[in-house]
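# Observations on chain architecture
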Amino acid sequence: MMNYLELKEQKQQLIEGKSQYGAAIVCIRVNVPGEQKKFAWSEKIHRHASLKFEELFLNQAIKFQRIEEEFCNLFYEYISFYRVKSEPISVKRLTIQLESDEEIGRLLDIDVYDFKGNSISRDEFDIPDRQCYLCSEPAFICGRTRKHSIQELHQFMILKAEMLEDK
Ligand SMILES: [Zn+2]
């Protein structure tokens, strides 16, 4: 297993390799707590999220291109990468909209990078911290204090996945 810093470095290289002048890179992941991230339900949530993303950007008439496999062996989780022909800031604004989606928004981590591979932070927008799946605390606090067990969090996600229609 690579350590956290090696993994971060690898990820940065991966993003830079996909970058292109005039385009933003979008990376969609399901926020699965714990080491094991490959489940039928996480795949279903990921597939649904990618379709929602494509729908939203098609509706906005923003050009995008999908550039990665469903399952990423490097990070051992479901990831989709898109190259989007638009301003990274406005792309980020749209992905935040997706993250506030009632069905699955809170289960997703969507990162947006500019053509140099710099990540666009949520802090640049005036929006509240993301809420925990299970209680009303900000998610980062429950994550830090490990307030909920991995099983509890997975159970919530499994229920969410079951409610999604099959596409
Ligand atoms: Zn909580």
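Only a predicted model underlies this, so the values are computations on that prediction, with no experimental measurement involved.

Attention now moves to the overall build of the protein. On a plain count of helices and strands, the protein comes out with five helices and five strands. Order of helices (α) and strands (β) in the protein, N terminus to C terminus: α-β-α-β-β-β-α-β-α-α. Relative to a compact globule of 167 residues, whose C-alpha radius of gyration would be 15 Å, the protein shows 16 Å and is just as compact. Taking the principal axes of the C-alpha coordinates as reference, the protein spans close to 45 × 35 × 35 Å.

Looking now at the packing of helix H2 (residues 40-59) against helix H5 (residues 150-163). Pairs of packed helices are described in terms of their axes, by the angle between the two and the distance that separates them. Orientation of H2 relative to H5, taken along the N-to-C sense of each, is 55°, at an axis distance of 9 Å. Here H2 lies oblique to H5, going by the angle between them. In terms of crossing hand, the pair formed by H2 and H5 is left-handed. Along its contact with H2, which presents Trp41, Lys44 and Ile45, the element H5 presents Met157, Ile158, Lys160 and Ala161. Looking at the contact of H2 with H5 residue by residue, the class counts come to five nonpolar, no polar and two charged.

Turning next to the environment of isoleucine 96. By the element assignment, isoleucine 96 lies in helix H3 (residues 88-99). Given 17 C-beta atoms within 10 Å, isoleucine 96 falls into the partly exposed group. As a C-alpha pair, isoleucine 96 and arginine 83 span 13 residues in sequence and 17 Å in three-dimensional space. Among residues more than four places away in sequence, those in contact with isoleucine 96 are Arg122, Phe125 and Ile127.

Most of strand S1 (residues 24-30) is tucked away: seven of the seven residues are buried. Going residue by residue along S1, you find Ala24, Val26, Ile28 and Val30 tucked away on one face and Ile25, Cys27 and Arg29 tucked away on the opposite face as well. Summarising the sheet, S1 and strand S4 (residues 77-84) pair through six bridges and their orientation is antiparallel. Bridge pairing in S4 links isoleucine 28 to serine 80. Sheet topology note: the S1/strand S5 (residues 108-113) ladder contains six bridges and is antiparallel. Within S5, the position partnered with arginine 29 by the bridge is aspartate 109.

Looking now at H2. The end-to-end C-alpha separation of H2 is 29 Å, in line with the 28 Å expected for 20 residues at 1.5 Å each. Considered for burial, the residues of H2 that qualify are Ser42, Lys44, Ile45, His46, His48, Ala49, Phe53 and Phe57. Buried residues in H2 make contact with S1, strand S2 (64-66), S4, H3, S5 and H5. Two residues or fewer after H2 comes alanine 61, characterised by a positive phi angle close to 55°.

To continue, consider the environment of serine 121. As for its position among the elements, serine 121 is in the loop between S5 and helix H4 (139-145). When the C-alpha positions of serine 121 and aspartate 111 are compared, they lie 8.3 Å apart, and in sequence the two are ten residues distant.

Notably, alanine 61 is not glycine yet its phi reads approximately 55°, a positive angle. Within the secondary structure, alanine 61 sits in the loop between H2 and S2. On the basis of neighbour count, alanine 61 is assigned to the exposed category, with 6 C-beta atoms found within 10 Å. The phi dihedral of arginine 146 is positive, around 50°, even though this residue is not glycine.

Thresholds applied
- Residues numbered from 1 in each chain as written.
- Predicted model: local features only at pLDDT ≥ 70, side-chain atom pairs only at ≥ 80, totals over all residues.
- Helix = DSSP H or I, 4+ residues; strand = E, 2+ residues; numbered from the N terminus.
- Rg over C-alpha atoms; globule rule 2.2 N^0.38 Å.
- Axes fitted to C-alpha atoms, helices over the stretch in contact; angles between N-to-C directions.
- Parallel < 35°, antiparallel > 145°, perpendicular 65-115°, else oblique.
- Left-handed = near helix turned anticlockwise from the far one by under 90°.
- Contact = placed C-beta atoms within 7 Å.
- Nonpolar A, V, L, I, M, F, W, Y, C, P; charged D, E, K, R; others polar.
- Buried ≥ 20, exposed ≤ 12 C-beta atoms within 10 Å, placed from the backbone.
- Pairing = 2+ DSSP bridges.
- Expected span 1.5 Å × (residues − 1).

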